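Structure assessment
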Amino acid sequence: MENNLTIYNTLSRKKEKFEPINPPFVGMYVCGPTVYGDSHLGHARPAITFDLLFRYLKYTGYKVRYVRNITDVGHLVNDADAGEDKIAKKAKLDQVEPMEIVQKYTNSYHKNMEQLNTLPPSIEPHASGHIIEQAEMVEEIIKNGFAYEVNGSVYFDVAKYSETNNYGKLSGRVLEDLQNNTRELAGQSDKKNSFDFALWKKAEPEHIMRWPSKWSDGFPGWHLECSVMSTKYLGDKFDIHGGGLDLQFPHHECEIAQSKAAKGEDAVKYWMHNNLITIDGQKMSKSLGNFITLDEMFSGENKLLEQAYSPMIVRFFILQAHYRSTLDFSNKALQASEKGYKRLMTAIKTLNNLKASNESSIEVRGLKEKFFNALNDDLNTPILIAHLFDGVKMINLINSGDETISKDDLAFMQKLYNDVVFEILGLKDEEGAGNNDEKLSEVIELLLKLRAEAKKNKDFATSDKIRDELKEFFF
RNA sequence: GGUCACGUGGCCGAGUGGCUUAGGCAACGGUCUGCAACACCGUGUACAGCGGUUCGAAUCCGCUCGUGACCUCCA
């Protein structure tokens, strides 16, 4: 499969040519959500970034298996050693079964992701469905001498691992620094070193989510599920592992260590990290409480929001920034995206109705190369979108009669825009007030037709009435 | 405190040595329109500060200031 894609590999801190291990197949694993709350704007970013990559690789012709997990075994609320299960905590509050929480928020995550027009992953494994495999990996790691058991819990021995491996190579951390800087946690710790991390945790009596194992009734460590489920479905070596920048350390660093300790070789070829969405320059996150849920974005029901922003506006907003840059949320920025997005959609409609001439007075073929060069440069969607607007200008000039386009060139443009905007960028036209009620939009069409007729007959009273009343209903 | 990023015009946001006046939004001027909205065309302002390297730096190096991320569950 031919491609000129380069992607930034966090491991090497450089852009590298993308060469699959096993073409035409591509294996891609992305860290999914912990399902204990509504998904927020921050969740949209990796979902859209890697949806774009998924779409583009498929468009190029690769057979892509995209795995994105659901974390539902409940990780700890606060610190590693003496916390409460996050999901169990929420369950107690709501007086429901933990798995009910899991189901509820998995459903809402799916709904939001569909609204954002992200394609469902090929496989969406749940951590709770892979307890046995996780226990097996713990055993492998113990057998290979990189883990130790204390009081029913099993910890990864980072110091031992570091004798023969470079712990910290992904995040650029140095073990000595970690030793000096890791905060002393309150309470006793069974760990040999503060930087060791749990592979299996013995559950305290009040801990609801628990599974039996040879070490204790407990639950798997937080980094283990990704190591296990990625290699289970993509093989011991696979192409791409993605996730948010905040997962780089310790989560992904630990994954690397676990996989290497268990299998003897690195599992991942390209590590990709999307940057965070900020609000007033600060990271938007659950712990800071400054997040806006996607449902709120779409409905406008949040104090920070001046209006509702439809899923495609959010998608376009995110695509207008490069995935490795921070993206600052503001109403102004969203509103700008809304206008830009509508302008693009209008132009595409115009393009589809354009009349061809005998020959083209402008050069349109060069656009394609510009579009794909941008995409190939580490998915530089802001540049791609800038070039899309170059084409928008051409389309409008042709439409106004200032330029002409040949039949072949027109067909070329139509296919190009359709492929790039809808298939690859995953945008879609949301006309009809975001309602997919076809009957309703037909009725509106009818009203608009009536208004046009009234205007034609200089019956402005009627036409203005239709306009104003429709406005009342937000159209 | 340690490690690592970043600082571009009114706002968002690309660009990493020499014509990209990137692009979007806003602003301004115009076209269209019964008025308006929409749509379309055209126009301006920039590279945090200081110093250095270079024929030439927004782009490389150093320092200063500012902001942020990670070091603890987090996308």
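These figures come from a predicted structure and were not determined experimentally.

Observations concerning the overall build of chain A
Tallying secondary structure elements over chain A gives 16 helices and 13 strands in all. The 475 residues of chain A split such that 50% are buried. In the structure as shown, chain A presents an accessible area of about 22,800 Å², 49% of it carried by carbon and sulfur atoms.

A look at the nonpolar core
Core analysis: the largest hydrophobic core is formed by 129 residues, its most contacted members being L57, F156, M297, F329, L344, L388 and Y417. Here this core gets 10 residues from one element, more than from any other, and that element is helix 1 (residues 41-60). Split by domain, the residues of this core number at least three in each of domain 1 (6-274) and domain 2 (279-424). Excluding residues that lie within four positions of it along the chain, F329 makes contacts with L41, I277, T278, I279, D280, M284, I292, M297, L304, L305, F317 and L334.

Re helix 4 (residues 131-143)
For an α-helix, 3.6 residues make a turn, and residues three or four places apart therefore share a direction. Over its 13 residues, helix 4 runs 18 Å from end to end, which matches the ideal 18 Å to within 8%, given 1.5 Å per residue. Looking only at helix 4, the buried set comprises I131, E133, Q134, A135, M137, V138 and I141. Packing partners of the buried residues in helix 4 comprise strand 5 (147-150), strand 6 (153-156), strand 7 (197-202), strand 8 (218-220), helix 7 (224-234) and helix 8 (248-263). Once helix 4 ends, the next one or two residues include G145, with phi positive near 85 degrees.

A look at the packing of aromatic side chains
Inspection of the entire model under this criterion finds 13 aromatic pairs. Here F54 and Y66 contribute two aromatic rings whose centre-to-centre distance is 4.9 Å and whose plane-to-plane angle is 55 degrees, an arrangement assigned as tilted. Separated by 12 residues along the polypeptide, F54 in helix 1 and Y66 in strand 4 (residues 63-68) bring together distant segments of the chain. Judged by relative accessible area, which is 4%, F54 ranks as buried. By relative accessible area, which is 1% here, Y66 ends up buried. Aromatic side chains F156 and F197 sit 4.8 Å apart centroid to centroid with 10 degrees between the ring planes, which places their arrangement in the stacked category. You can see F156 sitting in strand 6 and its partner F197 sitting in strand 7, a full 41 residues away along the chain. With respect to class, F156 is no different from F197; both count as buried. Ring pairs connect the aromatic residues F146, F156, Y161, Y167 and F197, which therefore count as one cluster. In this arrangement the basic side chain of R173 is found over the ring face of F249, its NZ or CZ atom lying 4.2 Å from the centre. K286 extends its terminal NZ or CZ atom over the ring of Y36, reaching a point 4.7 Å from the ring centre.

Side note on the sheet that holds strand 8
Spatially, 5-6-7-8 is the arrangement adopted by the four strands of the open sheet, whose pairing is antiparallel. At either margin of the open sheet sits one strand with a lone partner, and together these are strand 5 and strand 8. Ignoring which end each strand starts from, the neighbouring axes of this sheet average 20 degrees apart. Direction of pairing for strand 7 relative to strand 8: antiparallel, over a ladder of three bridges.

Side note on the protein's contact with RNA strand B
In the vicinity of RNA strand B, 57 residues are found, and the nearest of them are K86, L247, K283, M284 and I383. Protein-proximal atoms of RNA strand B, defined as those within 4 Å of the protein, fall in sugar or phosphate at a share of 64%. At 2.9 Å from a base nitrogen of RNA strand B is found a main-chain nitrogen or oxygen belonging to G42. In this structure, a sugar or linking oxygen belonging to RNA strand B sits 3.4 Å away from a main-chain N or O atom of F249. Tallying contributions element by element places helix 13 (residues 381-399) first for the surface near RNA strand B, with eight residues. Taken together, the residues that form the surface near RNA strand B break down as 19 nonpolar, 22 polar and 16 charged.

Some remarks on unusual backbone geometry
With the exception of glycine, the majority of residues adopt a negative phi angle, and the majority of peptide bonds are in the trans configuration. A cis amide bond links P23 to the next residue, P24, at an omega of 5 degrees. Positionally, P24 belongs in the loop between strand 2 (14-17) and strand 3 (25-30). Look at the link from F249 to P250: it is a cis peptide, with omega at 0 degrees. For P250, the location among the structural elements is in helix 8.

Description of the state of the cysteines
Applying the stated criterion to the full structure yields zero disulfides. Cysteine C226 remains unbridged, with the sulfur of C31 as its closest cysteine sulfur at 3.9 Å. Residue classification places C226 among the buried positions, given a relative accessible area of 2%.

Overview of the pairing of strand 10 (residues 268-274)
Within strand 10, six of the seven residues are buried, which leaves the element mostly enclosed by the surrounding structure. Pairing analysis gives six bridges linking strand 9 (residues 238-244) to strand 10, with the strands arranged parallel. Looking at the pairing, F238 lines up with V268 of strand 10. A crossover links strand 9 with its parallel partner strand 10, the connecting element being helix 8, and its sense is right-handed.

With respect to the environment of L199
Relative to the helices and strands, L199 is located in strand 7. According to the relative accessible area criterion, L199 is buried, its value standing at 0%.

Let's talk about the pattern of salt bridges
If the charged atoms of two oppositely charged side chains come close together, the side chains can form a pair. With the rule as written, the count across this model stands at 17 salt bridges. The partner of D51 in a salt bridge is R55, with the nearest N and O atoms 2.8 Å apart. On the criterion of helical spacing, the pair formed by D51 and R55 is a turn pair, its members being four residues apart in helix 1. Among the ionic contacts, a cluster of salt bridges with common partners joins D51, R55 and R315.

Examining the confidence of the model for chain A
On average, residues of chain A score 87 in pLDDT, and 89% of them are at 70 or above. Low pLDDT (under 50) marks residues 77-82, which in the prediction has 13 contacts with non-local residues, meaning those over four places away or in another chain. Here residues 183-188 scores under 50 on pLDDT; set against residues more than four positions off or in separate chains, the count is two contacts.

Reading the values: rules and limits
- Residues numbered from 1 in each chain as written.
- Chains lettered and ligands numbered in written order.
- Predicted model: local features only at pLDDT ≥ 70, side-chain atom pairs only at ≥ 80, totals over all residues.
- Heavy atoms only, no water.
- Helix = DSSP H or I, 4+ residues; strand = E, 2+ residues; numbered from the N terminus.
- Buried < 20%, exposed > 50% of the residue type's maximum accessible area, 1.4 Å probe, protein only.
- Areas by Shrake-Rupley, 256 points an atom, 1.4 Å probe, with all protein chains shown as cover.
- Core = buried A, V, L, I, M, F, W, Y, C linked by side-chain atoms within 4.5 Å.
- Domains from an automatic or database assignment.
- Contact = heavy atoms within 4.5 Å.
- Expected span 1.5 Å × (residues − 1).
- Phe/Tyr/Trp six-rings, centres within 6.5 Å; stacked < 30°, edge-to-face > 60°.
- Lys NZ or Arg CZ within 6 Å of the ring centre and 35° of its normal.
- Pairing = 2+ DSSP bridges.
- Axes fitted to C-alpha atoms, helices over the stretch in contact; angles between N-to-C directions.
- Near = heavy atom within 4 Å.
- Polar contact = N/O pair within 3.5 Å; in protein donor to acceptor, adjacent residues only side chain to side chain.
- Nonpolar A, V, L, I, M, F, W, Y, C, P; charged D, E, K, R; others polar.
- Disulfide = S-S within 2.5 Å.
- Right-handed = clockwise from strand over helix to strand, strands pointing away.
- Salt bridge = Lys/Arg side-chain N within 4 Å of Asp/Glu carboxyl O.
- pLDDT = per-residue confidence, 0-100.

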